[in-house]
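What follows is the residue order along each chain.
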Amino acid sequence: MSTDEAPSPEQTPGSGRGSSGKLALAFVAVAALAATAGGVVTNSIGGGDDAASAGTGSGGGDQATTVANVQVAGEHRGYDEVHQGGDEDLENVLVSTDWLADRLDEGDLAEQGIVLIDVSEELPTSELTPYSEAHIPQAQYVNWSTEFTQPNTREFISQDEFTELAQSLGIDDGDTVVLYGDSNNWFAAYAAWVFKLYGAEDVRLLDGGLHKWEVYDERELTEEVPDVAEGTWEAQPQNLDIRALQPEVLEVAEENVDGESATTLVDIRSADEHDGAIGVDPEIFEGESTSIWGHIPGSVNVSWGTIVDEETGQFLPADEIRAIYEDAGVDLDSPIITYCRIGERASHTWFALSQILGADTQVYDGSWTEWGNSVGVPVANNTDQRAGLWGSGGS
């Protein structure tokens with residue numbers, strides 16, 4: 001659909017789960033705020049609770065809404081194609097290093113219908129070997145930051161571009177895509193979510209990722225880069241039922257301010273990030289920050305690391321993961337939206353909730369980088385102070 005054919009915001013279908021199969025253009029709101037002649041009605045929230053503190057100006061005037069003219073093409077296909085039965089058989093979504101080693105011993109992965117992809121972040125501080133130096137045999141490499149997104153916009157590449165990328169990796173119809181990476185599979189999980197976003201049928205993670213293979217198991221790596229034939233698989237439009245954009249999250253946040261939303265927001269960042277004591281974890285994201293610190297009102301804080309075995313990097317058993325979320329108040333039978341800083345850690349939690357437990361879950365990939373830099377969106381801060389680059393917290 002061209003932009004000339006795009007419906008107006010009033011005509012655009014919502015992300016309701018009953019609109020399966022309809023092509024939609026979702027409009028991304030950068031900020032929504034009501035302005036009067038005398039001032040701006042803000043949605044900023046302070047203090048340890050989630051009660052709104054809004055300033056109203058005097059005088060008359062028209063209301064104004066600040067909205068970015070950004071459109072995301074996709075359709076609502078529901079969750080049937082997303083869930084792969086991981087809640088019935090974990091191997092449907094999560095494979096062990098033994099599983100992979102056995103198939104490497106059998107020979108060519110392509111002949112077995114398997115495509116192995118390394119999606120490591122490769123930070124200088126990582127103790128793991130960069131792909132360019134050595135990697136798991138028969139693995140290919142995808143750079144998450146340059147190959148999944150468009151330059152300068154942070155929006156994902158188009159459906160046709162994703163098809164081209166997937167085919168360059170040799171992915172055919174019916175293939176099993178196995179992803180792994182460093183940092184306990186943060187960006188491998190992000191890649192899994194992106195592949196499912198574009199309709200890939202069979203996407204699995206290597207449990208424990210590169211750390212489990214290289215450090216814990218001490219298995220072999222190779223310098224050989226596989227030469228693959230071009231694949232045949234074609235991407236579908238984005239499935240907007242597994243991606244939450246800011247207007248949808250804003251609606252949930254405002255419902256939480258007024259009472260309680262039927263959708264659970266799960267903030268997977270550290271407790272200090274959630275509380276607003278810091279903008280980002282300085283040990284991981286030094287030098288990065290946002291204008292405002294805190295969390296989206298009503299969100300439940302379950303740090304991503306609580307569901308990971310610290311020694312192996314593997315996911316905890318499914319029943320333990322379920323108990324962690326239920327104890328935190330997450331209703332696994334109701335809609336869930338996960339968020340973090342830019343979406344990668346949120347995708348790790350999405351994988352646990354959606355693919356392992358079978359819950360209907362979306363990723364808000366704009367996450368705190370978008371929310372904490374937006375004007376007028378509601379923010380809760382548990383430190384009783386205005387924190388962030390525009391507050392007393394500094395950088």
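Note that this is a predicted model, so its numbers are computed, not measured.

## Observations regarding the overall build of the chain
- Helix and strand content of the chain: 10 helices and 14 strands.
- A buried classification covers 51% of the 395 residues belonging to the chain.
- Counting contacts in the chain only where the partners sit at least 6 residues apart, residues at least 24 apart contribute 78% of the total.
- Counting only carbon and sulfur atoms, one obtains 44% of the accessible surface of the chain, whose full area is about 17,200 Å².

## Regarding the environment of Arg243
- By secondary structure assignment, the location of Arg243 is in the loop between β10 (238-239) and α6 (246-258).
- What makes Arg243 buried here is its relative accessible area of 4%.
- Discounting chain neighbours no more than four positions away, the residues touching Arg243 are Val72, Glu155, Phe156, Trp193, Leu197, Gln238, Glu248, Gln362, Val363 and Asp365.
- Polar contacts involving the side chain of Arg243 include one to the side chain of Glu155, which spans 2.9 Å.
- Polar contacts involving the side chain of Arg243 include one to the side chain of Gln238, which spans 3.0 Å.

## Topic: the sheet that holds strand β14 (residues 361-363)
- The 4 strands are arranged β12-β11-β13-β14 in an open sheet whose pairing can be described as parallel. Each of the sheet's edge strands pairs with one partner strand only, and the pair in question is β12 (300-301) and β14.
- With 3 bridges connecting them, strand β13 (residues 336-339) and β14 associate as parallel partners. For Ile336, the partnering residue across the bridge sits in β14 and is Thr361.
- Together, β13 and β14 form the strand contacts of helix α9 (residues 344-356), whose direction differs from that of β14 by roughly 170 degrees.

## As for the pattern of salt bridges
- Enumeration according to the criterion identifies 12 salt bridges in this entry.
- Of the charged contacts in the structure, one is a salt bridge between Arg219 and Asp217, with a shortest N-O distance of 3.0 Å.
- Across the pair Glu273 and Arg345 runs a salt bridge, and its minimum N-O distance is 3.4 Å. Highlighted residues: Glu273 in helix α7 (residues 271-275) and Arg345 in helix α9, separated in sequence by 72 residues. Neither Glu273 nor Arg345 differs from the other in exposure class; each is buried.
- Among the ionic contacts, a cluster of salt bridges with common partners joins Asp98, Lys212, Asp217 and Arg219.

## Things to note about the side chain of Lys196
- By the element assignment, Lys196 lies in helix α4 (residues 186-197).
- Side chain to side chain, Lys196 and Gln84 meet in a polar contact 2.9 Å long.
- One polar contact links the side chain of Lys196 to the main-chain carbonyl oxygen of Ala200, over a distance of 2.9 Å.
- Excluding residues that lie within four positions of it along the chain, Lys196 makes contacts with Arg77, Glu81, Val82, Gln84, Glu201, Val203, Ile242, Trp350 and Gln355.

## Considering the confidence of the model for the chain
- Counting all residues, the mean pLDDT for the chain is 82, and 77% of those residues have values of 70 or more.
- Overall, residues 29-59 carries pLDDT values under 50, and its contacts beyond four positions in sequence, including any with other chains, amount to 85 contacts.

## Topic: the side chain of His135
- Tracing the backbone shows His135 in the loop between β6 (114-118) and β7 (139-141).
- A polar side-chain atom of His135 sits 3.0 Å from the main-chain carbonyl oxygen of Tyr131.
- In this structure the side chain of His135 is engaged in a polar contact, spanning 2.7 Å, whose partner is the backbone oxygen of Glu224.
- Setting aside residues up to four positions removed in sequence, His135 forms contacts with Asp118, Tyr180, Leu221, Thr222, Glu223, Glu224 and Val225.

## As for the packing of helix α8 (residues 318-327) against α9
- Viewed as axis vectors pointing N to C, α8 and α9 meet at an angle of 110 degrees, and their least axial separation amounts to 11 Å. Judged by the inter-axis angle, α8 sits roughly perpendicular to α9. Helix-helix and strand crossings are classified by hand; for α8 and α9 the assignment is left-handed. Between α8 and α9, the contacting residues are Ala318, Ile321 and Tyr325 on the first element and Thr349, Ala352, Leu353 and Ile356 on the second.

## Some remarks on the packing of α4 against α9
- Where α4 meets α9, the closest approach of the two axes is 7 Å, and the angle between their N-to-C directions is 65 degrees. The element α4 and its partner α9 pack so that their crossing is left-handed. Taken together, the residues of α9 that come into contact with α4 (itself represented by Trp186, Phe187, Ala189, Tyr190, Ala192, Trp193 and Lys196) are Glu344, Arg345, Ser347, His348, Trp350, Phe351 and Gln355.

## Observations regarding the environment of Asn301
- The topology assignment puts Asn301 in strand β12.
- Residues Asn301 and Asp275, 26 residues apart in the sequence, show an inter-C-alpha distance of 9.1 Å.
- If we ignore the near neighbours within four places in the chain, the residues touching Asn301 are Asp267, Ile268, Arg269, Ser270, Ala271 and His274.
- Polar contacts involving the side chain of Asn301 include one to the main-chain carbonyl oxygen of Asp267, which spans 2.9 Å.

Analysis parameters
Residues numbered from 1 in each chain as written. Predicted model: local features only at pLDDT ≥ 70, side-chain atom pairs only at ≥ 80, totals over all residues. Heavy atoms only, no water. Helix = DSSP H or I, 4+ residues; strand = E, 2+ residues; numbered from the N terminus. Buried < 20%, exposed > 50% of the residue type's maximum accessible area, 1.4 Å probe, protein only. Contact = heavy atoms within 4.5 Å. Areas by Shrake-Rupley, 256 points an atom, 1.4 Å probe, with all protein chains shown as cover. Polar contact = N/O pair within 3.5 Å; in protein donor to acceptor, adjacent residues only side chain to side chain. Pairing = 2+ DSSP bridges. Axes fitted to C-alpha atoms, helices over the stretch in contact; angles between N-to-C directions. Salt bridge = Lys/Arg side-chain N within 4 Å of Asp/Glu carboxyl O. pLDDT = per-residue confidence, 0-100. Parallel < 35°, antiparallel > 145°, perpendicular 65-115°, else oblique. Left-handed = near helix turned anticlockwise from the far one by under 90°.

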